[in-house]
Every structure is written in C-alpha cells, then in structure tokens.
Amino acid sequence: MRIGHGYDVHRLVSGRKLILGGVEIPNDRGLLGHSDADVLVHAIMDALLGASALGDLGSHFPDTDMSYKDVSSIVLLKEVRELLRRKNYSVLNIDSTIVAQSPKLAPYIPEMKENISKALEIDPDNINIKATTEEGLGISGTGDGIVSHAVCLIERI
C-alpha cells in the first residue's frame, strides 16, 4: 500500500465559474486557472500521482499546453485513473478538505463525491470530502482564494 498527499490553491476572480468536485457552485467569483481550476480535484490528482510515484499535475497537464485550456478537471482525473491502472494500482480511499470562507459547500458534497467516484470508478463510500474555513486567516480566510488538501491510499493489484 502507498499513501499520497495533494495540495492546491487558486485565487478567486470575477468572470469565472466556481467548480469544485466537478460541481458548478453558484458564486459571484470562480477560481483562476488554466483548466477549470477545480482545487479539490487537483489536490486529489496530486495525491494519486504522488502515491504512485508518477510526478505531479503540472508534469502531466502543463498550463503551457492549450489542449488543457478550460478543460474539466474530472476529465483529467479520468486520465490519472488510467495512469494508475497502467502501473497496476487501485485506489482504496481518498480523504480531502476544502478550505473556503464562502460559499457554504455542505449541500454540494454528495454530488462532488459522486462525480469523483464515477471518474475513478470506485465506491463513493471510499471518498470523504470535508469543508472548513480558516476563520478569516490566510488566502481562503480573507476570501481571496480556495485551498484544498487530499490524502489517498492505493494498492498494487
């Protein structure tokens, strides 16, 4: 078994949709990035890539490659699933945290779990997503951005 950790942060800006876990969340600002800037899925992908010693998100999906411009991170997550399969790894579980002062994310977590479980072809019960704030501190606490952490456990099959 192998453990991986992922982390991502993106700035909130006007004129972008807020996408987290593949869910469009009503908000006056969205996350700035080359893709859809889904910090939750990015952190999960980095955890999976790290656990399997496959590098990081930027090495597989560079922001200099226009084919990834505005791409859904769920599409990229499916590609990561295939990379793991080629190395004979299976995902056992994922635990993740989204850090955002607003909006309230609890109502969207079941759909996020469903999107991620479908993309990885694992049971939604093997995915945990939590949402918290930084009590007014840091980039997420000031409302300037959103942060996400993820850990995963994988095994060779």
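Residues numbered from 1 in each chain as written. Predicted model: local features only at pLDDT ≥ 70, side-chain atom pairs only at ≥ 80, totals over all residues. Heavy atoms only, no water.

## Remarks on the overall build of the protein
Then comes step 1: Counting secondary structure elements, the protein contains 5 helices and 7 strands.
Then comes step 2: What you see in the protein, going N to C, is helices and strands ordered as β-β-β-β-α-α-α-β-α-β-α-β.
Then comes step 3: Against the 2.2 N^0.38 benchmark of 15 Å for 157 residues, the protein shows a C-alpha radius of gyration of 15 Å, consistent with a compact globule.
Then comes step 4: Across its three principal axes, the protein shows a C-alpha extent of roughly 45 × 35 × 25 Å.
Then comes step 5: Within the structure as shown, the protein displays about 7500 Å² of accessible surface, and the carbon and sulfur contribution to it stands at 51%.
Then comes step 6: The averaged location of the 22 negative side-chain charges in the protein is 3 Å from the averaged location of its 16 positive side-chain charges. (Helix = DSSP H or I, 4+ residues; strand = E, 2+ residues; numbered from the N terminus. Rg over C-alpha atoms; globule rule 2.2 N^0.38 Å. Areas by Shrake-Rupley, 256 points an atom, 1.4 Å probe, with all protein chains shown as cover. Lys, Arg positive; Asp, Glu negative; His and termini not counted. Charge placed at Lys NZ, Arg CZ, Asp CG, Glu CD.)

## Some remarks on the pattern of salt bridges
Pairing is possible between side chains that carry opposite charge, provided their charged atoms lie close to one another.
Then comes step 1: Scanning the model with the defined rule gives 8 salt bridges in all.
Then comes step 2: One salt bridge in this structure joins Glu82 and Arg85, with 3.0 Å as the shortest N-O distance. With Glu82 and Arg85 both in helix H3 (residues 73-86) and 3 residues apart, the pair spans about one turn of that helix.
Then comes step 3: For Glu82, a relative accessible area of 28% translates into the label partly exposed.
Then comes step 4: Residue Arg85 is classed as partly exposed on the basis of its relative accessible area of 36%.
Then comes step 5: Across the pair Arg85 and Glu121 runs a salt bridge whose closest N-O atoms are separated by 2.3 Å. In this pair, Arg85 is assigned in helix H3 and Glu121 in the loop between helix H4 (109-120) and strand E6 (127-132), connecting sequence segments 36 residues apart.
Then comes step 6: Several salt bridges converge on common partners, so that one network encompasses Arg81, Glu82, Arg85 and Glu121. (Salt bridge = Lys/Arg side-chain N within 4 Å of Asp/Glu carboxyl O. Buried < 20%, exposed > 50% of the residue type's maximum accessible area, 1.4 Å probe, protein only.)

## A look at the nonpolar core
Generally speaking, a soluble globular protein has its nonpolar side chains buried in company with each other.
Then comes step 1: Among the nonpolar cores identified, the biggest contains 46 residues, and Leu20, Leu48, Leu77, Met112, Ile116 and Ile146 are the most heavily contacted of them.
Then comes step 2: Elements with a minimum of two residues in this core: strand E2 (18-20), strand E3 (23-25), helix H1 (39-51), H3, strand E5 (89-99), H4, E6 and strand E7 (145-156).
Then comes step 3: When residues of this core are assigned to their parent elements, the largest contribution, 10 residues, is made by H1.
Then comes step 4: In this structure Met112 touches Leu20, Gly21, Val23, Ile25, Leu40, Ile98 and Ile129, once residues within four positions along its chain are discounted. (Core = buried A, V, L, I, M, F, W, Y, C linked by side-chain atoms within 4.5 Å. Contact = heavy atoms within 4.5 Å.)

## Some words on H3
Then comes step 1: Compared with an ideal rise of 1.5 Å per residue, which puts 14 residues at 20 Å, H3 spans 20 Å between its outermost C-alpha atoms and is within 8% of the ideal.
Then comes step 2: Buried residues of H3: Ser73, Ile74, Leu76, Leu77, Val80, Arg81, Leu83 and Leu84, and no others. The buried residues of H3 occupy an angular sector of 160° when projected down its axis, which confines them to one face.
Then comes step 3: Next to the buried residues of H3 lie H1, helix H2 (57-60), E5, H4 and E7.
Then comes step 4: A side-chain oxygen of the first residue of H3 lies 3.2 Å from the backbone nitrogen of Ile74; this N-cap is Ser72.
Then comes step 5: Just downstream of H3, Asn88 is the residue with a positive phi angle, here 65°. (Expected span 1.5 Å × (residues − 1). Arc of directions from axis to C-beta. Polar contact = N/O pair within 3.5 Å; in protein donor to acceptor, adjacent residues only side chain to side chain.)

## Focus on H4
Three- or four-residue spacings in an α-helix give side chains the same orientation, since the helix completes a turn every 3.6 residues.
Then comes step 1: Relative to the 16 Å expected for 12 residues at 1.5 Å per residue, H4 spans 16 Å between its end C-alpha atoms, a close match to the ideal helical length.
Then comes step 2: Listed in full, the buried residues belonging to H4 are Ile109, Met112, Asn115, Ile116, Ser117, Ala119 and Leu120.
Then comes step 3: Packing partners of the buried residues in H4 comprise E2, E3, H1, H3, E5 and E6.
Then comes step 4: Glu121 lies just past H4 and shows a positive phi near 55°.

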